[in-house]
Amino acid sequence: AGGTLGPVLILSPAGVTAVKMAVNAGGTAVFVWTWNDGAGHNLIQARRLSASGTLGAMKIIAQGTAPSGGGGLGTGHPQVGVDSGGNALIVWEQPDGAGACRINGCPKVLSRTLSNANVVSAVPQTFTTTVSGGFLPQVAMASNGNAVVTWLHSGLEFRTRSAGGTLGALQKFSNSTNATEPVLKGDPAGNTVAVWKNGTLIQARAR
C-alpha cells in the first residue's frame, strides 16, 4: 500500500495455464492454475502467499480421472476465493470420464478447500446436479467463509456453500442458453454480482 515493490517470486513449474488468484483484506493471497504432468493429467495446483511475503508449499488440488478415461486431460478452469481467515475455496471443471457429453466425458463442477494451515480437504465436493453437469465455474467468497459458486449449464446456474460446507439449492442467474463468459464477484458481506455475455449483450444480476 505504501508503494514498495517486493521481489519477483516463482510460484509454479513451467508450462502452467489458466492462472487465477484471490486476496483477502489482510493481504493473504492464494493462486491456482492448471499444469499438465506429461502423463495424461491436467493437475489443478495451488499455492499460498502470506501478507508478509512467505510462500507456502505447492498443493495438488485435483488431477482428474485416470488417463485411460481421458478425464484428466479435460480438467481445468480453476477459480479461487479466500475468506478473512485465509481459508480458500477452490473450484474447477472436471469431466467424469463417462457419458456422451464430450470426448472426456461429462463435465462436473467440483471444489476442495485449502485451509490457512495449508491443508487440502480430503474429498472433493460436487456442485453440479445433472449428468451433463456444467463448466466454466466462478466463485465469490465472503469474509465469513460463505460462498456462491456459479457455472454454465442451460443458462447460468449457481449454488451457495456455507463456511461449514453445506450446499444450498440449485438456482439460476439466467435461463438463457446463449449465456457465455460468466464472471462472479462479491463483497465481504456476501453480496454478489454475476455478469455474462448473452449473444451480443452483456448482462448482470445481483444477489
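Residues numbered from 1 in each chain as written. Predicted model: local features only at pLDDT ≥ 70, side-chain atom pairs only at ≥ 80, totals over all residues. Heavy atoms only, no water.

J.: Whenever I open this one, the pattern of salt bridges confuses me. Can you help?
T.: Working definition: two side chains of opposite charge can pair if their charged atoms are close together. As enumerated under the stated definition, the model contains one salt bridge in all. Note that Lys108 and Asp96 form a salt bridge whose closest N and O atoms lie 2.7 Å from each other. Of this pair, Lys108 sits in strand 7 (residues 107-114) while Asp96 sits in the loop between strand 6 (88-95) and strand 7, and the two are twelve residues apart along the sequence. Exposure remark for Asp96: the relative accessible area of 30% places this residue in the partly exposed category. (Salt bridge = Lys/Arg side-chain N within 4 Å of Asp/Glu carboxyl O. Helix = DSSP H or I, 4+ residues; strand = E, 2+ residues; numbered from the N terminus. Buried < 20%, exposed > 50% of the residue type's maximum accessible area, 1.4 Å probe, protein only.)

J.: Mind showing me how you'd approach the nonpolar core here?
T.: Most often, soluble globular proteins have nonpolar side chains that are buried together. Val80, Ile90 and Trp92 are the most contacted members of the largest nonpolar core, which totals 14 residues. Secondary-structure elements contributing two or more residues to this core are strand 2 (29-36), strand 3 (42-49), strand 4 (59-62), strand 5 (76-82), strand 6 and strand 7. Per-element tally for this core: the top contributor is strand 6, with three residues. Judged by nonpolar contacts, the second largest core, of ten residues, contains Ala140, Val148, Leu156 and Trp196. (Core = buried A, V, L, I, M, F, W, Y, C linked by side-chain atoms within 4.5 Å.)

J.: Any chance you could explain the sheet that holds strand 7 here in plain terms?
T.: Hydrogen bonding along the main chain pairs the strands of a sheet, whether they run parallel or antiparallel. Taken in spatial order, the four strands make up an open sheet running 5-6-7-8, and their pairing is antiparallel. Each edge of the sheet is formed by a strand with only one pairing partner; in this case those strands are strand 5 and strand 8 (125-126). Bridge analysis of strand 7 against strand 8 gives two bridges, and the strand direction is antiparallel. Within strand 8, the position partnered with Leu110 by the bridge is Thr126. (Pairing = 2+ DSSP bridges.)

J.: Please clarify how the environment of Arg161 should be interpreted in this entry.
T.: As for its position among the elements, Arg161 is in strand 11 (residues 156-161). Counting along the chain gives 16 residues from Arg161 to Gly145, while the straight-line C-alpha distance between them is 8.6 Å. Those residues in contact with Arg161, other than ones at most four positions away along the chain, are Leu89, Thr113, Gln125, Phe127, Gly145, Asn146, Ala147, Thr166 and Leu167. Of note is the side chain of Arg161, whose polar atom sits 2.8 Å from the side chain of Gln125. (Contact = heavy atoms within 4.5 Å. Polar contact = N/O pair within 3.5 Å; in protein donor to acceptor, adjacent residues only side chain to side chain.)

J.: Would you mind going over the state of the cysteines with me for this structure?
T.: Two cysteines whose sulfur atoms are joined by a covalent bond form what is called a disulfide. Summed over all chains, the structure comprises one disulfide. One disulfide bridge connects Cys101 with Cys106, the sulfur atoms lying 2.1 Å from each other. Negative torsions about the S-S bond denote left-handed disulfides, and the value of about 80° found for Cys101 with Cys106 makes this one right-handed. Here Cys101 falls in the partly exposed class, since its relative accessible area comes to 36%. (Disulfide = S-S within 2.5 Å.)

J.: When you look at unusual backbone geometry in this model, what are you seeing that I'm missing?
T.: What is expected of a backbone is that most residues other than glycine have negative phi and most peptide bonds are trans. Of note in the backbone geometry, His77 takes a positive phi value of approximately 55° without being a glycine. Within the secondary structure layout, His77 lies in strand 5.

J.: Whenever I open this one, the sheet that holds strand 2 confuses me. Can you help?
T.: Taken together, four strands build an open sheet; the order of strands is 1-2-3-4 and the sheet is antiparallel. Each having just a single partner strand, strand 1 (16-23) and strand 4 make up the two edges of the open sheet. Adjacent strand axes in the sheet meet at a mean angle of 25° when their direction is disregarded. Across eight bridges, the pairing between strand 2 and strand 3 is antiparallel. Its bridge partner lying in strand 3, Ala29 is registered against Leu49. (Axes fitted to C-alpha atoms, helices over the stretch in contact; angles between N-to-C directions.)

J.: Hey, could you run me through the pairing of strand 13 (residues 179-186) in this one?
T.: When a strand is regular, its side chains alternate between the sheet's two faces. Bridge count for strand 13 against strand 14 (residues 192-198) is six bridges, and the pairing is antiparallel. If you follow Leu184 over to strand 14, its bridge partner there is Ala194. In textbook terms, the turn of a hairpin is the stretch between consecutive antiparallel strands, and for strand 13 and strand 14 this stretch comprises five residues, one of which, Gly190, has a positive phi near 105°.

J.: What is the right way to read the packing of aromatic side chains from this model?
T.: Aromatic ring pairs: the centre-centre distance and the angle between the two ring planes describe each pair. For the coordinates displayed, the defined rule picks out two aromatic pairs. Aromatic side chains Phe127 and Trp151 sit 6.4 Å apart centroid to centroid with 65° between the ring planes, which places their arrangement in the edge-to-face category. Of the two residues, Phe127 sits in the loop between strand 8 and strand 9 (135-141) while Trp151 sits in strand 10 (residues 147-152), which places them 24 residues apart along the sequence. The pair Phe127 / Trp151 is uniform in exposure class, with both members buried. Relative to Phe173, the ring of Phe158 has its centre 4.2 Å away and its plane inclined at 25°; by these criteria the two rings are stacked. With Phe158 in strand 11 and Phe173 in strand 12 (residues 171-174), this pair connects stretches of sequence that are 15 residues apart. The residues Phe158 and Phe173 share a single accessibility class, namely buried. (Phe/Tyr/Trp six-rings, centres within 6.5 Å; stacked < 30°, edge-to-face > 60°.)

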